[in-house]
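Each chain, letter by letter, is given below.
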Amino acid sequence: MAYCSRRNFLKTGLAAGVLAGTGSLPVRAAHEAATEWVTLGKSGVKVTRLAFGTGTFSGLTQRELGQDKFTRLVRHAYDRGIRFFETSETYGEMHKMLGAALRGIPRDTYCLMSKVTTREGVNPQNKIYELRKLSNTDYFDVILMHYQHVSSWPTDTVRWQDGILEAKAKKAVLGYGASVHGLPALRSFPGNKWLEIAMIRMNHKGVKMDAEDYNTNGPGNVGEVVTHVKQVHSEGMGVISMKLVGEGAFTTRGDRQAAMRFAFKNAGVDCVTVGYKTAGEIDEAIENLNLALA
């Protein structure tokens, strides 16, 4: 299978519609926009437009909830129609916590993404197997090489690229790609023949976005990032946006709405991942994305 099954979508869509939105937004919007399934380019993997991220401050925010509260949050997102969940080996215990939160939910009703660091001396197959077991899953719908931040990453990570392709041949991975930090690394994304999916930081103010220095505390170059997003999209790559609310820097709803509009209307990303700590934040993100796509 090259994508998440949708056979349960109509069955679950009604429940999502009943719960669909707070405020004045129409009930119908929740399952037609924010929680609509879209394809991540040539990977063929289908995900909901809005994802549940577990990496706020490297997962600290989610870990501090504890398993019970975190599980309730994940189930709330699932019931609202968010069916794309993502984590990383750099987020502490989040593979294990996410696996526990999703236990008992039919695996073909949601998508799961993990990100792996590309360290030397680590066997890619062993690492992917370890993360799958922690997540209580037989496969990842998407796996990304995490935190690529130098221009030479395409040659530096050949061993990992081959390892991920091997995992895909074994159906332990369905789609694959890389997440980027910094313009030198991002400039190597367009034209890359291995990449199927690109995870790129995006918001309207450049907060926590890509600059010449991958670890800058200053603003990123929004214009150049958007240019590269459009380039990789035109080449058939799926694009997932991160840092949409500037890692919590956008304290007004107006800014959070503007960031969502910018990601989809200006940059043209396929999907966004946002980290949450409350059910209200999930509800707001769904409404904001519905408004952005209206």
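The structure this text deals with has already been given above.
Residues numbered from 1 in each chain as written. Predicted model: local features only at pLDDT ≥ 70, side-chain atom pairs only at ≥ 80, totals over all residues. Heavy atoms only, no water.

Description of the pairing of strand β6 (residues 140-148)
Working step 1: Judged by how many residues are buried, β6 sits mostly within the fold: 8 of 9 residues are covered.
Working step 2: In this fold, the crossover linking strand β5 (residues 111-116) to β6 by way of helix α6 (residues 124-135) has right-handed handedness.
Working step 3: One ladder, built from 6 bridges, connects β6 with strand β7 (residues 173-180); its direction is parallel. The residue bridging Phe140 from the neighbouring strand is Val173, located in β7. (Buried < 20%, exposed > 50% of the residue type's maximum accessible area, 1.4 Å probe, protein only. Helix = DSSP H or I, 4+ residues; strand = E, 2+ residues; numbered from the N terminus. Right-handed = clockwise from strand over helix to strand, strands pointing away. Pairing = 2+ DSSP bridges.)

Details of the pattern of salt bridges
Working step 1: The full count for this structure, using the stated rule, is 18 salt bridges.
Working step 2: The residue Lys115 makes a salt bridge to Glu86 at a minimum N-O spacing of 2.5 Å. Residue Lys115 is found in strand β5, and its partner Glu86 is found in strand β4 (residues 84-86); the two are separated by 29 residues along the sequence.
Working step 3: Lys115 gets classed as buried once you look at its relative accessible area, which sits at 0%. (Salt bridge = Lys/Arg side-chain N within 4 Å of Asp/Glu carboxyl O.)

As for α6
Working step 1: For α6, which comprises 12 residues, the first-to-last C-alpha distance of 16 Å matches the rise-based estimate of 16 Å (1.5 Å per residue) to within 8%.
Working step 2: Inspection of α6 places Pro124, Gln125, Lys127, Ile128, Leu131, Arg132 and Ser135 among the buried residues, and these make up the whole buried set. Taken down its axis, α6 places every buried residue within 165 degrees of arc, on the same side.
Working step 3: Looking at the buried side of α6, the elements it contacts are α5 (94-102), β5, β6, α8 (158-169) and β7. (Expected span 1.5 Å × (residues − 1). Arc of directions from axis to C-beta. Contact = heavy atoms within 4.5 Å.)

Considerations on the environment of Glu224
Working step 1: By the secondary structure assignment, Glu224 is in helix α10 (residues 222-234).
Working step 2: Remark: the alpha-carbon pair of Glu224 and Leu186, spanning 38 residues in sequence, is separated by 9.6 Å.
Working step 3: Setting aside anything within four residues of it in sequence, one finds Glu224 in contact with Leu183 and Arg187.

Notes on the nonpolar core
Working step 1: Phe52 and Phe85 are the most contacted members of the largest nonpolar core, which has 69 residues in total.
Working step 2: Not counting chain neighbours up to four residues away, the residues in contact with Phe52 comprise Phe70, Leu73, Val74, Ala77, Ile82, Phe84, Phe85, Glu86, Thr273, Val274, Tyr276 and Ile282. (Core = buried A, V, L, I, M, F, W, Y, C linked by side-chain atoms within 4.5 Å.)

A look at unusual backbone geometry
Working step 1: The phi angle at Phe57 is positive, at roughly 50 degrees, despite the residue not being glycine.
Working step 2: What makes Phe57 partly exposed here is its relative accessible area of 48%.
Working step 3: Residue Ser58 is not a glycine yet carries a positive backbone phi of 60 degrees.
Working step 4: One can find Ser58 in the loop between β3 (50-53) and α3 (60-63).

Considering the packing of helix α4 (residues 66-80) against α5
Working step 1: Contact pair α4 / α5: the axes reach a minimum separation of 9 Å and the direction vectors enclose 60 degrees. When the axis of α4 is compared with that of α5, the two are oblique. Viewed along their axes, α4 and α5 form a crossing whose handedness is right-handed. For the pair α4 and α5, contact is made by Gly66, Gln67, Phe70, Thr71, Val74 and Arg75 and by Met94, Lys96, Met97, Leu98, Ala100, Ala101 and Leu102, respectively. (Axes fitted to C-alpha atoms, helices over the stretch in contact; angles between N-to-C directions. Parallel < 35°, antiparallel > 145°, perpendicular 65-115°, else oblique. Left-handed = near helix turned anticlockwise from the far one by under 90°.)

Keep in mind these values describe shape, not function.
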